[in-house]
Amino acid sequence: QIGSLSATQVGAFEVADLAALSPTTIASLTETQLDGLTVTQVKGLTATQVVALSTTQVASLSTSQIKGLTAAQVKALETADLAALTTVQVAALTTAQVQTLTKAMTAILCKGLDGAKPKEILDLESDFVPKIVGAQLVRLRSQTTYYILSRIKGICKVWLDRQRKKQIEKHS
């Protein structure tokens, strides 16, 4: 039973041994046990194991452990996990990790807008971004999602203006 092991005992696991554990077993680690893991051990976790971590467990990771996450692990984190990160943890994210998050946030934005009418996009409030990914992350590291949303809105406005102009010309 991994739950009965101390942080030191869990910290003594080889990276390969940790990677071989089921996501359910990884999810059963306490915050204290997670704290006992080295950056190398955390980096050795699979994306599936990282996904299995709870928001509380992710928030309990040290800044060194956060900084050590691979791009695939960061991409695997749930939105709620990202929103739970502290200012210090967000500040520890590397440029590559932030780029991975920005790509993920942009993909979520595009998927959410897929099939929306231009008017619906124009009516979308910009404050939804920090509600999804957490104000800390947006404020400290990434304005790109806002920029992309504003570009999409700009394109929709141009398209709607052209449609109106066509309608006016058609009726003249």
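Residues numbered from 1 in each chain as written. Predicted model: local features only at pLDDT ≥ 70, side-chain atom pairs only at ≥ 80, totals over all residues. Heavy atoms only, no water.

**A few points about the pattern of salt bridges**
Point 1. Counted by the stated rule, this structure contains 3 salt bridges.
Point 2. Here Lys-119 and Asp-123 are joined by a salt bridge, their closest N and O atoms 3.0 Å apart. Residue Lys-119 and its partner Asp-123 are both found in helix H13 (residues 118-123); the two are separated by 4 residues, about one turn of the helix.
Point 3. Taking the relative accessible area as the measure of exposure, Asp-123 reaches 45% and is therefore partly exposed.
Point 4. Note that Asp-161 and Arg-164 form a salt bridge whose closest N and O atoms lie 2.8 Å from each other. Note that Asp-161 and Arg-164 are positioned in helix H16 (residues 144-171) at a spacing of 3 residues, about one turn of the helix.
Point 5. One network of salt bridges, with partners in common, ties together Lys-157, Asp-161 and Arg-164. (Salt bridge = Lys/Arg side-chain N within 4 Å of Asp/Glu carboxyl O. Helix = DSSP H or I, 4+ residues; strand = E, 2+ residues; numbered from the N terminus. Buried < 20%, exposed > 50% of the residue type's maximum accessible area, 1.4 Å probe, protein only.)

**A look at the environment of Ile-148**
Point 1. With respect to the secondary-structure elements, Ile-148 resides in helix H16.
Point 2. Every residue in contact with Ile-148, bar those within four places of it in the chain, is listed here: Thr-106 and Leu-109. (Contact = heavy atoms within 4.5 Å.)

**A look at the side chain of Gln-73**
Point 1. Locating Gln-73 in the fold gives a position in helix H9 (residues 71-76).
Point 2. Look at Gln-73 and you get buried, because its relative accessible area is 1%.
Point 3. If we skip the residues at most four places from it in the chain, Gln-73 touches Val-42, Lys-43, Gly-44, Leu-45, Val-50 and Gly-68.

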